[in-house]
Amino acid sequence: MTEIIDLLLTMSQEIKDIKARIDLIKYQKAEKLKDNWIDNQEVMQSLHISKRTLQTFRTNGTIPYSKIQGKFYYKVADIEQLLQDNYYNHNFRKDGNK
């Protein structure tokens with residue numbers, strides 16, 4: 001019986017180690033992506049917006065962009081910042097207090 005318990009404890013620890021490695025890989029990948037650039041199509045799909053809405057975001061300065069030979073590119077970090085800046089939690093007032 002103790003052998004089974006020891007085996008289960010060992011397996012549990014190995015699962016925790018694997019989970020920690022996966023979390024680390026996810027974090028590293030997310031950090032790497034922040035420096036990446038994405039095009040119009042990827043932004044529209046990510047934010048579930050139309051081409052016209054994305055154009056409006058560019059025009060009014062909501063999203064910074066780069067334009068090369070008529071094609072627009074956006075930093076992933078800028079898109080994440082846009083989402084963070086517009087994050088709203090109805091449980092908290094704007095100053096962060098309940």
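Residues numbered from 1 in each chain as written. Predicted model: local features only at pLDDT ≥ 70, side-chain atom pairs only at ≥ 80, totals over all residues. Heavy atoms only, no water.

Participant: Teacher, can you tell me more about the sheet that holds strand E2 (residues 66–68) here?
Facilitator: Strand pairing within a sheet occurs via backbone hydrogen bonds; the two strands may be parallel or antiparallel. Strand order across the open sheet formed by three strands is E1-E3-E2, with antiparallel pairing between neighbours. A single partner strand is all that each edge strand has here, and the edge strands are strand E1 (37–39) and E2. Looking at each pair of strands side by side, their axes are set apart by 35° on average, direction ignored. Pairing geometry for E1 and strand E3 (residues 71–75), over three bridges, is antiparallel. Opposite Trp37, over in E3, you have Lys75 as the bridge partner. In this fold helix H4 (residues 76–85) packs onto E1 and E3, with an angle of close to 65° to the strand it touches most, E3. (Pairing = 2+ DSSP bridges. Helix = DSSP H or I, 4+ residues; strand = E, 2+ residues; numbered from the N terminus. Axes fitted to C-alpha atoms, helices over the stretch in contact; angles between N-to-C directions. Contact = heavy atoms within 4.5 Å.)

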